[in-house]
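# Architecture at a glance
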Amino acid sequence: ENISFIAHPGQTTAIIGSTGSGKSTLINLIPRFYDVSEGVIEVSGVDVRQVSQHDLHEKISYIPQKGMLLSGSINFNLKYGKTDASEEEVLKASEIAQAMDFIDEKEEKFETHIAQAGANVSGGQKQRLALARALIKNPTIIFADEPTGNLDSKNSLNVFEIFKSLCEKGTTIIVATHDKELANLTNKIYEVKDGKIQ
């Protein structure tokens with residue numbers, strides 16, 4: 001309640017707070033997983049309730065807390081948000097997301113089979129594939145819910161560096177439990193506590 005802020009294009013905004021503080025709830029209002037009961041959320045100056053969910057979701061890439069994958073090839077999973085993506089787009093996104101190191105190790109490369117929910121890849125690999133999938137869409141807005149939750153400290157820093165380069169192109173919003181890694185990355189940090197910005 002009583003939350004007001006602007007996430008500008010070309011900048012990274014962080015929403016931080018402890019578990020249960022309301023930060024994920026706040027961020028889930030943007031793609032209209034549910035609507036506000038008061039006030040308004042705007043994307044490019046337009047109330048999100050005045051835009052079809054399809055058109056709204058075309059502008060957004062969402063990286064959930066748990067990078068869920070589907071049963072099928074790596075290529076199928078990466079193109080899930082943009083089925084007509086070119087090989088070049090898939091390769092570029094995979095390189096930016098630093099997923100190529102383990103894809104290249106696979107005998108079948110991009111045609112390697114992924115088990116349901118990504119059961120046959122590590123948490124870090126799953127997260128990097130989810131990040132690459134988000135990048136392929138070339139979205140106006142990228143938001144990530146705890147994007148480094150399944151990564152070690154080295155890979156966490158790598159992912160934050162990726163976000164640092166991405167924010168030049170669009171609006172990047174990161175949800176995180178704490179701000180230690182975000183201090184040098186974000187333009188603005190908002191702390192949420194008990195559903196309010198502190």
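Residues numbered from 1 in each chain as written. Predicted model: local features only at pLDDT ≥ 70, side-chain atom pairs only at ≥ 80, totals over all residues. Heavy atoms only, no water.

A few words on the pairing of strand β9 (residues 188-193). Sheet analysis places strand β1 (residues 12-16) next to β9, joined by four bridges and oriented parallel. Residue alanine 14 lies in a different strand from β9, and its bridge partner there is isoleucine 189. Taken together, the two bridges between β9 and strand β10 (residues 196-197) define a ladder with antiparallel strand orientation. Across the sheet, residue valine 192 finds its bridge partner in β10, namely isoleucine 197. Between β9 and the antiparallel strand that follows it, β10, lie two residues; aspartate 194 among them carries a positive phi value of about 55°. (Pairing = 2+ DSSP bridges. Helix = DSSP H or I, 4+ residues; strand = E, 2+ residues; numbered from the N terminus.)

Let us look at the nonpolar core. Ile63, Ile74, Leu78, Ile103, Phe110 and Leu129 are the most contacted members of the largest nonpolar core, which has 24 residues in total. When contributions to this core are tallied by element, the ones reaching two or more residues are α3 (74-78), α4 (87-96), α5 (100-103), α6 (123-136) and β7 (141-145). Here this core gets seven residues from one element, more than from any other, and that element is α6. Grouped together as the second largest cluster of nonpolar side chains are 16 residues, Leu56, Ile60, Tyr190 and Val192 included. (Core = buried A, V, L, I, M, F, W, Y, C linked by side-chain atoms within 4.5 Å. Buried < 20%, exposed > 50% of the residue type's maximum accessible area, 1.4 Å probe, protein only.)

What follows concerns α4. Among the residues of α4, those classed as buried are Val90, Ala93 and Ser94. Projected onto a plane normal to the axis of α4, the buried residues spread over an arc of 100° and lie on a single side. Buried residues in α4 make contact with α3, α5 and α6. Glutamine 98 occupies a position one or two residues after α4 and carries a positive phi of about 60°. (Arc of directions from axis to C-beta. Contact = heavy atoms within 4.5 Å.)

Moving on to the packing of aromatic side chains. Applying the stated rule across the entire model yields four aromatic pairs. Centroid distance phenylalanine 5 to tyrosine 190: 4.9 Å. Interplanar angle 35°. Geometry classified as tilted. One end of the pair, phenylalanine 5, is in the segment before β1; the other, tyrosine 190, is in strand β9, and 185 residues separate them in sequence. With a centroid separation of 6.4 Å and an interplanar angle of 75°, the aromatic rings of phenylalanine 76 and tyrosine 80 are classed as edge-to-face. (Phe/Tyr/Trp six-rings, centres within 6.5 Å; stacked < 30°, edge-to-face > 60°.)

Positive phi outside glycine occurs at arginine 32, with the angle close to 65°. Within the element layout of this structure, arginine 32 appears in the loop between α1 (23-27) and β2 (42-43). Despite not being glycine, aspartate 194 has its phi angle at roughly 55°, a positive value. Looking at aspartate 194, the relative accessible area reads 64%, which means it is exposed.

What follows is about α6. For α6, with 14 residues, the first-to-last C-alpha span of 20 Å sits near the 20 Å given by 1.5 Å per residue. In terms of residue burial, α6 counts as a mostly covered element, since 13 of its 14 residues are buried. Asparagine 138 sits one or two positions beyond α6 and adopts a positive phi of about 50°. (Expected span 1.5 Å × (residues − 1).)

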